[in-house]
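Observations on the three-dimensional arrangement
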Amino acid sequence: MTTDAAPIPVPYDPALEPGLAAFLELVERIPLRADTILANRAHFATVIPPIEAQLGELPLEFEHRRVPGPAGAPDLEVTIIRPRERAEAAPGVLSIHGGGLVLGTRFFGTPELIELALRYGTVGVAVEYRLAPEHPGPAAVEDCYAALEWFAAHAAELGVDPERIIVSGASAGGGLSAGVSLLARGRGGPRLAGQLLNCPMLDDRNETVSSRQYDGIGAWDRNNNDTAWTAVLGDRRFGDDVSPAVAPARAAELGGLPPAYLEVGAAEVFRDETVAYASRIWAAGGQAELHVWAGAYHGFSGFSPEAIVSRAANEARDSWLRRTLGVLPSEPSA
Amino acid sequence: MTAYPPVPFADELLPALEAMNAAPQPPLTEESLPHTRDGADRMFPAAAELVAGRAVETEERVIPGPAGSPELEITIFRPAGHDAASAPVPALVNYHGGGMIVGHRSWEHGRVVDLVESLGVVGVNVEYRLAPEHPYPAGVEDNYAAFVWTAEHAAELGVDPERIVVMGGSAGGGFAAAVALMARDRKGPALAGQLLICPMLDNTNSTVGSYQYDGIGTWQRELNLLAWRMVLGAELASSTDAPAYAAPSRAEDLAGLAPAFIEVGAAEMFRDEDVDYASRIWATGGQAELHVWGGAFHGFDMYAPDTELTRAALASRDSWLRRVLGL
């Protein structure tokens with residue numbers, strides 16, 4: 001590890017600073033270290049509203065299901081969120097929640113499914129995957145992949161177009177979404193229409209410039225990230241045999257993947273690994289769209305939703321969803 | 001020789017590409033250049049024609065060029081009724097594209113007028129000297145002079161001198177990046193931002209992206225090689241010894257620059273050099289925003305205006321300008 005002083009960080013957009021302060025106070029009250037993971041997990045659970053409260057009076061319905069886990073592993077809890085008014089062949093979204101692979105529940109990711117169901121009539125599936133350190137890698141990504149297999153196999157029953165299923169997640173959920181995409185490619189599994197990687201956690205090595213710029217500052221700083229990866233990989237971390245499904249930055253080549261959307265803040269640990277991942281997809285002739293938002297902290301668009309930059313980030317993501325899910329504005333009539 | 005499969009073009013952009021391929025232009029070479037240039041200033045509507053019926057006024061001016069060089073033509077656009085007595089507004093100084101070897105400011109009057117109208121700013125669209133008749137540093141010095149003139153005439157133009165952004169697409173993006181480097185190094189006027197649209201930054205043509213768009217797309221590898229040779233001469237054309245104000249990727253230090261907005265297509269040869277430029281700015285602790293649009297070819301917003309991709313790209317530009325200009 002380097003002993004150099006941390007490089008100068010990219011400063012925050014002043015409009016985001018109140019949201020960052022609120023994030024740190026609400027979510028990261030306890031620094032994440034090996035001996036505070038469980039305390040953090042308990043606290044994190046308290047900041048996630050129950051699904052009933054998230055849905056309120058919206059014209060959506062939810063259903064909890066138990067579906068098969070990976071071979072030899074326990075069943076998985078999933079929650080389906082869809083419009084009350086059923087449609088045929090709706091787009092499908094597999095949502096994988098964030099929380100550094102050590103925290104969180106599937107209900108941390110459901111606000112996105114609610115939003116998409118309202119806007120595009122999507123059928124969403126949120127998966128409860130096993131967390132580290134009790135369940136080290138690849139337990140989480142194998143759970144998510146099993147959920148994808150179940151989702152694709154039950155597309156007709158769920159009223160979903162099997163050609164329009166995407167996988168989506170933020171932070172750890174972004175890394176897992178990339179991992180699920182790699183597994184689907186390698187195993188000849190379900191065909192994904194896209195992978196939405198929001199500030200994704202991709203690289204266990206924590207060695208980029210940005211991972212050193214946010215050391216002791218910001219949301220999900222270098223030390224939190226370090227704690228999480230060690231919980232996931234233990235002694236395997238930094239080694240040569242880390243599975244790409246667990247740390248997608250370790251994949252030898254990135255051709256033949258579903259179209260990717262990658263977004264990240266310019267002022268966060270994951271900036272450089274996200275840019276590198278996009279660049280390697282392009283080098284392989286693959287399709288990826290990349291947005292790096294000026295002065296933005298990890299998770300900014302969710303915690304500072306009113307800031308101009310957050311609105312722009314939400315619009316850009318929405319544009320990619322329209323293009324990828326084929327819900328473009330109506331075609332000019334012939 | 002390694003093969004570099006290109007990132008495919010987005011489906012919704014294909015009709016524009018097919019239309020261009022159906023009406024091919026004569027290949028651009030050193031010999032065909034004069035013919036290509038002929039009538040360049042009449043290919044697009046004149047400023048006065050463009051603003052007709054819109055709440056934008058326009059004025060043609062001739063301003064001093066760099067020391068010892070000819071004067072420069074500029075076109076000024078301002079919101080109707082805006083004058084020196086009005087509350088000062090931000091200014092955008094635009095440098096047109098064309099590989100530093102072709103083009104005319106009128107090609108981008110439309111881009112400038114749209115921004116003047118939607119943001120209520122003053123636009124200055126600059127005519128600079130082209131290579132090979134005027135190799136480096138003629139073009140970039142002209143463009144720097146136009147930026148300095150705008151800042152020095154801020155009061156007369158009703159412009160807030162603390163809120164001037166330089167901008168451009170392709171070659172113009174390269175010039176805007178170079179002007180930002182010069183403003184830093186020469187301790188020139190304040191610069192609030194640099195808006196770089198698919199900028200031409202790296203003369204070495206050595207990235208993966210530069211090999212992927214060899215013989216396909218809208219600004220191809222051969223054209224880029226030709227352009228840099230004309231700007232820099234044969235010896236420096238692809239050299240890492242090229243000056244930074246010609247090819248901003250050559251700058252050793254990207255710290256202390258005006259906030260940058262860098263936009264590029266994922267399916268074009270400038271992709272990797274533009275991503276690299278942003279990454280190097282961030283590594284110094286500098287501010288940059290980067291947008292790489294999926295499946296987009298070079299200049300997609302100009303060639304395919306009525307697409308979801310272009311609408312999204314314009315919205316991101318608009319958002320960044322509002323943020324850096326406090327609008």
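Described in the following lines is the structure provided in the data block. The structure displayed is predicted, hence computed values, not measured ones. (Residues numbered from 1 in each chain as written. Chains lettered and ligands numbered in written order. Predicted model: local features only at pLDDT ≥ 70, side-chain atom pairs only at ≥ 80, totals over all residues. Heavy atoms only, no water.)

1. Concerning the pattern of salt bridges
Considering all chains together, one arrives at 47 salt bridges over all chains under this definition. In this structure, the salt-bridge partner of R37 of chain B is E133 of chain B, at a minimum N-O distance of 2.6 Å. One end of the pair, R37 of chain B, is in helix α2 (residues 33-37); the other, E133 of chain B, is in the loop between β4 (122-126) and α5 (138-152), with 96 residues separating them in the sequence. Relative accessible area serves as the criterion here: at 49%, E133 of chain B is assigned to the partly exposed category. For D272 of chain B, the salt bridge goes to R271 of chain B, with nearest N and O atoms at 2.8 Å. Note on accessibility: D272 of chain B and R271 of chain B belong to one class, buried. Via salt bridges that share partners, E61, E63, R65, R82, R86 and E157 of chain A belong to a single interconnected network. (Salt bridge = Lys/Arg side-chain N within 4 Å of Asp/Glu carboxyl O. Helix = DSSP H or I, 4+ residues; strand = E, 2+ residues; numbered from the N terminus. Buried < 20%, exposed > 50% of the residue type's maximum accessible area, 1.4 Å probe, protein only.)

2. Quick word on the pairing of strand β5 (residues 159-169) of chain B
All names here are of chain B. Within β5, eight of the 11 residues are buried, which leaves it mostly tucked inside the rest of the structure. As paired elements, strand β3 (residues 89-95) and β5 share six bridges and run parallel to each other. Bridging from a neighbouring strand, L92 pairs with V165 of β5. Sheet topology note: the β5/strand β6 (residues 193-197) ladder contains five bridges and is parallel. Its bridge partner being in β6, M167 is matched across the sheet by L195. Note that the unit made of β5, helix α7 (residues 171-185) and β6 has a crossover that is right-handed. (Pairing = 2+ DSSP bridges. Right-handed = clockwise from strand over helix to strand, strands pointing away.)

3. What about the nonpolar core?
Grouped together as the largest cluster of nonpolar side chains are 225 residues, with contacts concentrated most on Y277 of chain A together with Y95, F147 and Y277 of chain B. Broken down by element, the residue count for this core peaks at 10 residues, all from α7 of chain B. If near-sequence neighbours (up to four positions away) are discounted, Y277 of chain A is found in contact with A178, L182, L197, L202, P248, A249, L254, L257 and L262 of chain A. (Core = buried A, V, L, I, M, F, W, Y, C linked by side-chain atoms within 4.5 Å. Contact = heavy atoms within 4.5 Å.)

4. Considering the packing of helix α5 (residues 139-153) of chain A against helix α7 (residues 172-186) of chain A
All names here are of chain A. The N-to-C vectors of α5 and α7 enclose an angle of 65 degrees; their axes lie 9 Å apart at closest approach. By crossing handedness, the relation of α5 to α7 is classed as right-handed. On α7, the residues that touch A140, V141, E142, C144, Y145 and L148 of α5 are L176, G179, V180, L183 and A184. Residues belonging to the contact of α5 with α7 are distributed by class as follows: nine nonpolar, one polar and one charged. (Axes fitted to C-alpha atoms, helices over the stretch in contact; angles between N-to-C directions. Left-handed = near helix turned anticlockwise from the far one by under 90°. Nonpolar A, V, L, I, M, F, W, Y, C, P; charged D, E, K, R; others polar.)

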